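Survey of secondary and tertiary structure
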Amino acid sequence: MLAGLAAFSREGPFSAWIVMWLMIFQRLDPKGTLSVAVRELATGPVRAFVGWPERGPAEPLSANTSAYSQARAKLPLEVAEQVSDWIFGSLQQSAKTLPGLVLRVLALLGADVWGGRSERTRVDRVKKHPCLFRLTERRAAKLSGGVEPSAGTDKSIHWVPSREDRRNNPELPASASVEGRLLAFKVRDDSGKRQKLYFFTTLTQLADGILNLYGYRWNIETDLRSLKREVRMHMLEVKTPAMAERELVLGVAAYNLTRAAMNDAGAALNLNPRRFSFSKAQDTLNAFMPLFASATSDPERQRITQRMLRVFAQSKLPNRSQRRSAPRAVWPRPASLPKRRVNDKRCPVVQKGVAWGCASNLWAEVAVRPFFGR
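So, how was this worked out
- Residues numbered from 1 in each chain as written.
- Predicted model: local features only at pLDDT ≥ 70, side-chain atom pairs only at ≥ 80, totals over all residues.
- Heavy atoms only, no water.
- Helix = DSSP H or I, 4+ residues; strand = E, 2+ residues; numbered from the N terminus.
- Buried < 20%, exposed > 50% of the residue type's maximum accessible area, 1.4 Å probe, protein only.
- Contact = heavy atoms within 4.5 Å.
- Areas by Shrake-Rupley, 256 points an atom, 1.4 Å probe, with all protein chains shown as cover.
- Arc of directions from axis to C-beta.
- Phe/Tyr/Trp six-rings, centres within 6.5 Å; stacked < 30°, edge-to-face > 60°.
- Core = buried A, V, L, I, M, F, W, Y, C linked by side-chain atoms within 4.5 Å.
- Salt bridge = Lys/Arg side-chain N within 4 Å of Asp/Glu carboxyl O.
- Patch = residues over 30% accessible without salt bridge, like charges linked within 9 Å, V, L, I, M, F, W, Y side chains within 5 Å.
- Lys, Arg positive; Asp, Glu negative; His and termini not counted.
- Charge placed at Lys NZ, Arg CZ, Asp CG, Glu CD.
- Pairing = 2+ DSSP bridges.
- Axes fitted to C-alpha atoms, helices over the stretch in contact; angles between N-to-C directions.
- pLDDT = per-residue confidence, 0-100.
- Parallel < 35°, antiparallel > 145°, perpendicular 65-115°, else oblique.
- Nonpolar A, V, L, I, M, F, W, Y, C, P; charged D, E, K, R; others polar.

**Let's talk about the overall build of the protein**
Within the protein, the secondary structure is distributed over 14 helices and six strands. Counting only residues that meet the buried cut, the protein has 35% of its 374 residues in that class. When contacts within the protein are restricted to residue pairs at least 6 apart in sequence, those whose partners lie at least 24 apart make up 60%. Here the protein has roughly 24,500 Å² of accessible surface; of this, 53% comes from carbon and sulfur atoms.

**Some words on helix 2 (residues 34-43)**
Within helix 2 the residues assigned to the buried category are A37, V38, E40 and L41. The buried side chains of helix 2 occupy one side of the element, clustering within an arc of 155° when seen end-on.

**Points about the packing of aromatic side chains**
Following the criterion strictly, the structure yields five aromatic pairs and no others. When the centroid spacing of 5.5 Å and the interplanar angle of 70° are considered together, the rings of F276 and F312 count as edge-to-face. Of this pair, F276 sits in the loop between helix 11 (241-269) and helix 12 (278-294) while F312 sits in helix 13 (residues 298-313); the two residues are 36 residues apart in sequence, bridging distant segments of the chain. With relative accessibility at 3%, the residue F276 sits in the buried group. The exposure class of F312 is buried, given its relative accessible area of 0%.

**Describing the nonpolar core**
Membership of the largest hydrophobic core comes to 48 residues, with the highest contact counts inside it found for F14, M20, L22, L75 and F312. In terms of residue count, the dominant contributor to this core is helix 11 (eleven residues). Core analysis: the second largest hydrophobic core is formed by eight residues, L135, L143, I157 and A184 among them.

**Some words on the pattern of salt bridges**
Going through the model one piece at a time under the given rule, you end up with ten salt bridges. Here R181 and D154 are joined by a salt bridge, their closest N and O atoms 2.9 Å apart. Of the two residues, R181 is situated in strand 3 (residues 178-188) and D154 in strand 2 (residues 154-159); the sequence distance between them amounts to 27 residues. Looking at R181, the relative accessible area reads 13%, which means it is buried. Each member of the salt-bridge network shares a partner with another, and the members are R27, R72 and E247.

**Remarks on a negative patch on the surface**
A cluster of like negative charges, contributed by E78, E81, D85 and E245, occupies part of the molecular surface. Of the residues forming the negative patch, the biggest block, three residues, is contributed by helix 4 (residues 77-93). Within the element layout of this structure, E245 appears in helix 11.

**So, the sheet that holds strand 4 (residues 194-201)**
A sheet is described by the order of its strands in space; here four strands give the open sequence 1-4-3-2, paired in antiparallel fashion. Because the sheet does not close on itself, it has two edges, and the strands there are strand 1 (132-135) and strand 2. Each adjacent strand pair in this sheet contributes to an overall mean axis angle of 30°, direction not counted. Pairing between strand 3 and strand 4: eight bridges, direction antiparallel. Bridge pairing in strand 4 links V187 to Q195. The strands touched by helix 9 (residues 207-214) are strand 1, strand 2, strand 3 and strand 4; relative to strand 3, the strand with the most contacts, the crossing angle is about 75°.

**Section: the confidence of the model for the protein**
Per-chain confidence: the protein averages 76 in pLDDT, with 70% of residues scoring 70 or above. With pLDDT under 50 throughout, residues 347-374 is counted as low confidence; its partners more than four residues away or in other chains account for 39 contacts.

**Brief notes about the packing of helix 1 (residues 16-28) against helix 3 (residues 66-74)**
Axis separation between helix 1 and helix 3 bottoms out at 10 Å; the angle between their running directions is 105°. When the axes of helix 1 and helix 3 are compared, the pair comes out roughly perpendicular. Each of V19, L22, M23 and Q26 in helix 1 lies in contact with helix 3, whose residues at this interface are Y68, A71 and R72. Counted by class, the contact of helix 1 with helix 3 contains five nonpolar, one polar and one charged residues.

As structure tokens, this is what we get:
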């Protein structure tokens, strides 16, 4: 599939395989710049796959990023999508619960990465797929004919857009409607307090199955957080929509490769893969990949695998049986002047709301002057 692509110049060392390998490497690397990728090409295991044309002996690889940047722009999106789908397919074969769920969530995330459209537009992009939405009490009552649904409600709903819906979504056709179900549950939260949950769905599972499905939302939220923060997909530094699509597709592939390693480690250690820290798993892979690349025999690879599994066993998330002792602070918006002044008798030197030279008021400075605009 990757051999002989006409989109690449035959006068250089870059093939589609090498370009995708380096783009995935960028997403897994903490820095992830073009310069880091080119230097990995010059010194890392991927160098062995560099192929020069038959016109002469291999030339020294340049540390300049221009050739790699041009090759990234020439990478066919269809090839990147096939490779990403193949990686996901291999994961889907070993999935034990809800195969395909994360794929649909990622489709929602990436549908409008260029241009930033509304949530309703994203939903419209995947309207052919089943959906599950949590409703507010007001919305649930409106769908139920003006009466708040009681716990245990499970009835069919024929949704028709209101005048307000059509004004906010002028692209809706005149005959737009959705057939689904309205469900209501009474559950207990982590603190033991009872609350009501209202859902609209087009799924056909039993009500208990719908409630159990919604419980996966927390995993989805943490997956999206890892995808944005650890794989650095929160901001794509590109100049064209086409390059944004390539980065998105291969960024998801990098995430799925890390998840594959976590799944294999969980199976080998008889642990739930969700017990592993994604960040630590990524660090573990970055540390052991050069060892695997330089291994020359299967017994050596087995020894490296055992060492890596021992590291994975120490990369578990902490057990938090209780809530944090201190609540999370809300950071104020950056301001040219401090919003409050610190007055501590133990620190006589206080200037412009910042306590200088006093260890007890270290956090006072942070509160008054948030770092990095937070």
